[in-house]
Amino acid sequence: MNSLTAQGLPRRTFLGVTLGAASAALLAACSTPSDGSAPSAVRRVMSTDEAVRAAEAARPSSGRTVSASLRAAPLTANLAGKPVQTWGYNDAINGSLLRGSVGDRLEVALENALPEPTVVHWHGLALANDQDGVEMLTQKDVAAGGSFSYGFRLAHPGTYWYHSHVELQRERGLYGPLVVDDPSETKDWDHEWVIVLDDWMDGVTGTPEDVLKELSGGMGGGMSGGMGGMQHSGTYMAMGSMSDFLGGDAGDVRYPLHLFNGRTPEDPDTVTAKPGDRVRLRLINAGGDTAYRVGAPGLKLTVTHTDGYPVERKDVDAVVLGMGERIDALLTVPAGWTPLMARPEGKAGLALGRISTGSGKEPDPAALPARLGGMVVDGGQLSSASTVRLASRSVDVKHTVRLTGSMMAYDWGLNGRRFDMANPYEGALEVRQGQRVQIDFVNEGMMWHPMHVHGHTFQVGDAGARKDTVIVRPGRTVSVFLDADNPGQWLYHCHNAYHAARGMMGVLSYVA
Ligand SMILES: [Cu+2]
């Protein structure tokens, strides 16, 4: 059952560095090509290099600075009528909305009041490499009780988000939305609704660490003699979560709650509007192991953007977002109450928000349809707007990334390798500034993966959407293209928190 692991690949060579030696990852190192050929000496473009500063200086500048602060700390939230101990930014699950315009410099003062180190990653932004917030690779961890000042230019408009890049911290409440406005955009909507969805278990049935411990035992943990394993189901492990839309296993983890802007359906986020108003939805999936299918029963959504970038508009009945993805859509409000539902794909549960025009009867969550059908799309199935489509040119370098591992052994990896922060460049995807890069994500397993690349917005196929996170279904290959225009060392990984925690990560490495 576990034939897709590191067979035939060279044994990992440990350099003998420890995780405490943060500087090890910040030094240029020899690389071991993924094809097993002899290591070659290359010069890596590090976050402290002049090329990184030059790229930042070349970004648009409005001359304005937007300042914000984030305090990461333990907190008590109220979920479904019960107090829940967790961690979040600025004393909330789902942190403050951070917002600026293209060209603004965003400065964020992070205070770490957690009992352990943290970092903040700015998901989807093409920013300076040394501000990307990846522990070890682009910055030293911010120690418990410490602080760090992030500062970078906002290069592109759109819907983004920020989160701790210590993966299991994100599974608490350490995330929030980030919107970059385009001053030249014509507003064809009356209201805006920023919506962050999340699968929640922390403090209710256990902790993210409890989940990872159980999952790491593998699905085979309850098997005897290799028979009957499919019946095994643990405290947290979800068995039989299947989605036709996602092509197989939908997820690994059961969740007692699904949150819509940090709230449960008993106490839903509600916006008020007039009949006929248009609402711009900015949907963000902050979940750890859950894709959400979002829609308003009986109403069409006009999809306008995914991962911040415009698409050819499309009218659909529902959208699906993998973890880390965003979709913007317009919704025209009818008179009465409009439930906006997010059903966890392949799992039971509901995240819910509502629009009210001040008349009619409030929707009963229990009476909402179990399934949102009709025309359903995910962001990776859309076409890019012509204004953001990559110029046609030949590919300079092509990398193949096999998505490997299985739920059986819970040995998720890339090209059969578990990421090792002590040796981050092993198997790195090497690129040079100015190249057109093709990355083929080849899913060899039985489960989908939302693949995310830091610091870049790739294009899916020849004319597909511009994205930074794309769903790769089992048995399928998704080819993405990007222009290597943001020098540095960038993580790329599965945005399933538990897959990433098990090592489904690698580095997109600029070399000179
Ligand atoms: Cu994954």
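Here, the structure is the one placed above.
This text gives an overview of the structure that appears in the document. Position numbers for residues count from 1 along each chain, tracking the sequence in the order it is written. Side-chain atom pairs in this predicted model are given and counted only at pLDDT of 80 or more, local residue features only at pLDDT of at least 70, and totals for whole chains, interfaces and linings cover all residues. As a rule here, side-chain values cover all heavy atoms of the structure and leave hydrogens and water aside.

Quick look at the side chain of Glu345
Just so we agree on the cut-off: For helices the rule is a DSSP run of H or I covering at least 4 residues; for strands it is a run of E covering at least 2, with both sets numbered from the N terminus onward. Polar contacts, as used here, are pairs of N or O atoms within 3.5 Å; protein pairs need one atom able to donate a hydrogen and one able to accept it. Residues neighboring in sequence count only if both atoms are side-chain atoms. It only takes one pair of heavy atoms within 4.5 Å for two residues to be counted as in contact.
Within the secondary structure, Glu345 is located in the loop between β20 (337-344) and β21 (351-356). Reaching out from Glu345, the side chain makes a polar contact with the side chain of Arg293 at a distance of 2.8 Å. Apart from residues no more than four positions distant in its own chain, Glu345 is found in contact with Ser243, Phe245, Leu246, Ala250, Thr290, Ala291, Arg293 and Val320.

Some thoughts on the nonpolar core
Soluble globular proteins tend to bury their nonpolar side chains together. To keep it simple, the criterion reads: Here, the term nonpolar core denotes a set of buried Ala, Val, Leu, Ile, Met, Phe, Trp, Tyr and Cys residues that are joined through side-chain atoms within 4.5 Å. Accessible area is worked out with a 1.4 Å probe on protein chains only. A residue is then buried under 20% of its type maximum, exposed over 50%, and partly exposed in between.
Judged by nonpolar contacts, the single largest core of 82 residues is most densely connected at Trp122, Leu125, Leu178, Phe441 and Tyr498. The residues contacting Trp122, other than those within four sequence positions of it, are Leu70, Leu98, Val108, Leu127, Gln131, Asp132, Tyr150, Phe152, Trp161, Tyr162 and Leu178. By size, the runner-up hydrophobic cluster in this structure holds 28 residues, among which are Ala296, Val303, Val333 and Ile355.

What about the packing of aromatic side chains?
In plain terms, the rule: Two rings from Phe, Tyr or Trp (for Trp, the six-membered ring) form a pair when their centres sit within 6.5 Å of each other. Planes less than 30 degrees apart are called stacked, planes more than 60 degrees apart edge-to-face, and all others tilted. Charge over a ring is defined by NZ of Lys or CZ of Arg lying within 6 Å of the ring centre and within 35 degrees of the ring normal.
Inspection of the entire model under this criterion finds seven aromatic pairs. Seen from their ring centres, Trp193 and Phe260 are 5.3 Å apart, and the 50° between their planes marks the pair as tilted. Remark: Phe260 occurs in strand β12 (residues 257-260) and Trp193 occurs in strand β9 (residues 191-200); sequence separation between them is 67 residues. Ring-pair connections join several aromatic residues into one group, and the members of that group are Tyr89, Trp122, Phe148, Tyr150, Phe152 and Tyr162. Between the NZ or CZ atom of Arg280 and the centre of the ring of Trp189, over which it lies, the distance is 4.7 Å. Lying across the ring of Phe245, Arg473 places its NZ or CZ 4.9 Å from the centre.

A look at the sheet that holds strand β3 (residues 98-101)
In plain terms, the rule: Strand pairing requires that DSSP identify at least two bridges connecting the strands. Axes here mean lines fitted to C-alpha atoms, for a helix over just the part in contact, with angles spanning 0 to 180 degrees between N-to-C directions.
The four strands lie next to each other as β3-β8-β7-β5, forming an open sheet whose pairing is mixed. Looking along the sheet, the strands with just one partner apiece sit at the ends: β3 and β5 (120-123). Here the strands of the sheet are splayed against their neighbours by 20° on average, with no regard to which way each runs. Inspection of the sheet shows β5 paired to strand β7 (residues 158-164) by four bridges, in the antiparallel sense. Residue pairing in the sheet places Val120 in a bridge with Ser164 of β7.

Topic: the pattern of salt bridges
Two side chains with opposite charge may pair up if their charged atoms get near one another. We count it as follows: We count a salt bridge whenever a side-chain nitrogen from Lys or Arg sits within 4 Å of a carboxyl oxygen from Asp or Glu.
Applying the stated criterion across every chain yields a total of 34 salt bridges. We note a salt bridge from Arg99 to Glu192, for which the minimum N-O separation is 2.7 Å. With Arg99 in strand β3 and Glu192 in strand β9, this residue pair connects regions lying 93 residues apart in the sequence. Taken together, the salt bridges that share partners define one network made up of Arg99, Asp181, Glu185, Glu192, Arg280, Arg282 and Asp328.

Section: helix α4 (residues 208-216)
One full turn of an α-helix is made of 3.6 residues, so residues set three or four places apart face in the same direction. Heads up, the condition is: Note that the arc is computed from the directions linking the helix axis to the C-beta atoms.
Every buried residue of α4 is accounted for by Pro208, Val211, Leu212 and Leu215. Seen end-on, α4 carries its buried residues on one side only, within an arc spanning 95°. Of the surrounding secondary structure, the elements contacted by the buried residues of α4 are α3 (167-170) and α5 (497-501). Positive phi shows up at Gly218, right after α4, with a value of about 85°.

A look at the sheet that holds strand β17 (residues 309-316)
In space, the six strands of this open sheet follow the order β12-β9-β14-β19-β16-β17, with mixed pairing throughout. Bordering the open sheet on either side are β12 and β17, each of which pairs with just one other strand. Ignoring which end each strand starts from, the neighbouring axes of this sheet average 25° apart. As paired elements, β9 and strand β14 (residues 278-285) share seven bridges and run parallel to each other. Across the sheet, Val194 pairs through a bridge with Arg282, a residue of β14.

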